[in-house]
Amino acid sequence: MWTLVVNCGSSSLKFALLNPDSGEMPLAGLAERLGSDLAAVRVDREGERVSVPLPHGSYPEAFGVLLAELDALGLRREVRAVGHRVVHGGDRFSTPVLITPEVLEVIRACVPLAPLHNPANLAGIEAAQAAFPDLPQIAVFDTAFHQTMPPVAYRYAVPTDWYTQHGVRRYGFHGISHEYVAGEAARLLGRDPSGLNLVTAHLGNGCSVTAVRGGHSVDTSMGLTPLEGLVMGTRSGDVDPGLPDYLARQAGLSLTQITAALNRESGLLGLSGLTNDMRELEEAAGRGNEQARLAVEIFVYRLAKTVAGMATALDTLDGLVFTGGIGENSSGVRAATLARLGLLGFRLDEAANERAVRGQGGLITRPDSVPALVVNTNEELMIARETAEVVKVVGRGL
Ligand code: ADP
């Protein structure tokens, strides 16, 4: 059975056709710059890469290309379900669900909590329903894995009315990735996930750290929005909550301008004044650029501090998992982070750490260390598996 996975961003559409059991993926694509004249979709079809322009730059047009590709492979009729990544499910969804009109209403109601992401997810669902009217469509939420967090982790110390009336609490994100890598890490360590306590670090353009106890999230560094927590590519992560008011008075900026700058002009980009890209920063730091060096050092310091904080949510610390573009590829960030975490029992195996790049995951610590591992995330496969699972259950209920 083939499952189509759809991941819509504010101007992008990622898709993949997968076999959820074997992980086989004969088709994948990325449509970018949707909404502009420059929109195009890059398709990877059985090892071959082609680029198709999208003159209208719309989601339905991108789905048209996807349908033509499925036809070219003779697989359109073999697709059994469509799985959608949905960023915010609020506190209503702790598992993936079949998309019904009621589910769409809840996703719509969560738009104020994810104003950039949820409208794009809704547009993707609408276009997919038009393209595949007869297939079950499943929503897999980035927030769902974190719904097992206890109140001690998810409540903010703010007026209770804000929580009860406006849903002000920590939700957490990157749940699909954290859940996937925690499962893979248990497999690699040869341990039963139910007895394992891990800290997982997803380090991409967005970054978050999660405490996973017995396979369940018990705390995570992102909060009400994906702005909280670690230093990220362009996001500040934690700042003093008094900052917006101070800057509004001092610099005459509006709340909208400050929030936009915290999301898009901060993080590694803001600190370095150069780029949000870790690889480029490491290269610049290597050439002696002091701002780039400091940006990387602050990134690492805040990461190590957050990992150590997350350990307090667990009874034991059985492993630390690095994933995402930075976690999977930057041996420098991993080494510097573990060097700050000797107190928790981490001892780096330098050779293993250098080997763990470009798709080669595995253990990067010495035998006398608490294990640290590199695990390549695979959100598409996780969504395909979860989608297939829901379809099985729904099918049984019919
Ligand atoms: P997204 O969150 O957009 O999916 P990724 O998970 O692809 O992003 O991560 C992007 C980040 O990974 C960028 O900061 C990029 O520089 C970093 N990265 C990718 N390859 C390397 C590498 N070889 N060394 C250091 N950083 C890398």
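The name recorded for the protein chain in an unreviewed UniProt entry is Acetate kinase, from Deinococcus carri. Under the Sequence similarities (unreviewed entry) heading, UniProt states for the protein chain: "Belongs to the acetokinase family." Taken from UniProt, the Function (unreviewed entry) comment for the protein chain reads in full: "Catalyzes the formation of acetyl phosphate from acetate and ATP. Can also catalyze the reverse reaction."

*Asks:* Explanation requested: the site of the ligand in the structure shown.
*Replies:* The local shell around the ligand holds 13 residues, among which N205, D277, M278, R279 and G325 are the closest. Between an oxygen atom of the ligand and a main-chain N or O atom of N205, the distance comes to 2.9 Å. The contact in question runs from an oxygen atom of the ligand to an N or O atom on the side chain of D277, over 2.7 Å. Within the complex, 68% of the 580 Å² of free accessible area of the ligand lies under protein. If you list the elements that add at least two residues to the shell around the ligand, you get α10 (278–286) and α12 (324–329). Here the shell around the ligand is built from residues that sort into 2 nonpolar, 8 polar and 3 charged.

*Asks:* Help me understand the domain arrangement of the protein chain in this model?
*Replies:* Accessible area lost when the parts come together is the quantity often used to give the size of an interface. In terms of domains, the protein chain is made up of domain 1 (2–141) and domain 2 (191–379). Distance between the C-alpha centres of domain 1 and domain 2: 28 Å. Facing 4 residues of domain 1, the contacting portion of domain 2 comprises 4 residues. Summing both sides of the interface, domain 1 and domain 2 together bury roughly 320 Å²; the carbon and sulfur share of this comes to 51%. The shortest N-O distance in the salt bridge between E379 and R85 comes to 3.4 Å. Scanning the region where domain 1 abuts domain 2 turns up 1 residue pair in polar contact (both at pLDDT 80 or more). When the residues that make up the side of domain 1 that touches domain 2 are grouped by side-chain class, the tally is 2 nonpolar, 1 polar and 1 charged.

*Asks:* Honestly, α10 in this entry has me stumped. Any pointers?
*Replies:* Every α-helix winds through 3.6 residues per turn, so residues three or four apart in the chain are directed the same way. Looking only at α10, the buried set comprises M278, L281 and A284. Each buried residue of α10 sits inside an arc of 120° when the element is viewed along its axis, so together they form one side. The outward face of α10, more than 90 degrees from its buried face, is lined by the exposed residues R279 and G286. On its buried side, α10 packs onto α9 (267–272), α11 (290–311), α12 and α13 (331–340). Its side-chain oxygen at 3.0 Å from the backbone nitrogen of R279, D277 defines the N-terminal cap of α10.

*Asks:* Please explain the pattern of salt bridges as it appears in this structure.
*Replies:* Any two side chains of opposite charge can pair if their charged atoms end up close together. Summed over all chains, the structure comprises 19 salt bridges. With a closest N to O distance of 3.2 Å, R170 and D219 form a salt bridge. Residue R170 is located in the loop between α5 (160–166) and α6 (175–189), and its partner D219 is located in strand β11 (residues 216–220); the two are separated by 49 residues in the primary sequence. Owing to a relative accessible area of 18%, D219 belongs among the buried residues under this scheme. E228 serves as the salt-bridge partner of R170, at 3.3 Å between the closest nitrogen and oxygen. Taken together, the residues span a long stretch of sequence, with R170 in the loop between α5 and α6 and E228 in the loop between β11 and α7 (243–251) at a distance of 58 residues.

*Asks:* Would you mind showing me how to read the packing of aromatic side chains here?
*Replies:* Counted by the stated rule, this structure contains 2 aromatic pairs. Between the aromatic rings of F93 and F141, the centroid separation amounts to 4.4 Å while the plane-to-plane angle is 5°, which identifies the pairing as stacked. With F93 in the loop between β6 (79–86) and β7 (97–98) and F141 in strand β8 (residues 137–141), this residue pair connects regions lying 48 residues apart in the sequence. Across the pair, F141 and F93 agree in class, each one buried. Both rings, one in Y154 and one in Y163, keep their centres 6.2 Å apart while their planes meet at 45°; by these two values the pair is tilted. It is R92 that lies over the ring of F93; its NZ or CZ is 5.9 Å from the centre. A cation sits over an aromatic face here: R169 above Y154, 3.7 Å from the ring centre.

*Asks:* Explain the UniProt feature "site: Transition state stabilizer" (unreviewed entry) in the protein chain to me, please; I cannot follow it from the model alone.
*Replies:* Residues given the UniProt feature "site: Transition state stabilizer" (unreviewed entry) here are H174 and R235. Note that H174 resides in the loop between α5 and α6. Residue H174 is classed as buried on the basis of its relative accessible area of 10%. Discounting residues that sit within four places of it in the chain, H174 has contacts with D142, H146, H202, G206, C207, S208 and M222.

Criteria and cut-off values
- Residues numbered from 1 in each chain as written.
- Predicted model: local features only at pLDDT ≥ 70, side-chain atom pairs only at ≥ 80, totals over all residues.
- Heavy atoms only, no water.
- UniProt positions renumbered as here; feature names shortened; annotations may be inferred.
- Near = heavy atom within 4 Å.
- Polar contact = N/O pair within 3.5 Å; in protein donor to acceptor, adjacent residues only side chain to side chain.
- Areas by Shrake-Rupley, 256 points an atom, 1.4 Å probe, with all protein chains shown as cover.
- Helix = DSSP H or I, 4+ residues; strand = E, 2+ residues; numbered from the N terminus.
- Nonpolar A, V, L, I, M, F, W, Y, C, P; charged D, E, K, R; others polar.
- Domains from an automatic or database assignment.
- Contact = heavy atoms within 4.5 Å.
- Buried area = accessible area lost by both parts, 1.4 Å probe.
- Salt bridge = Lys/Arg side-chain N within 4 Å of Asp/Glu carboxyl O.
- Buried < 20%, exposed > 50% of the residue type's maximum accessible area, 1.4 Å probe, protein only.
- Arc of directions from axis to C-beta.
- Phe/Tyr/Trp six-rings, centres within 6.5 Å; stacked < 30°, edge-to-face > 60°.
- Lys NZ or Arg CZ within 6 Å of the ring centre and 35° of its normal.

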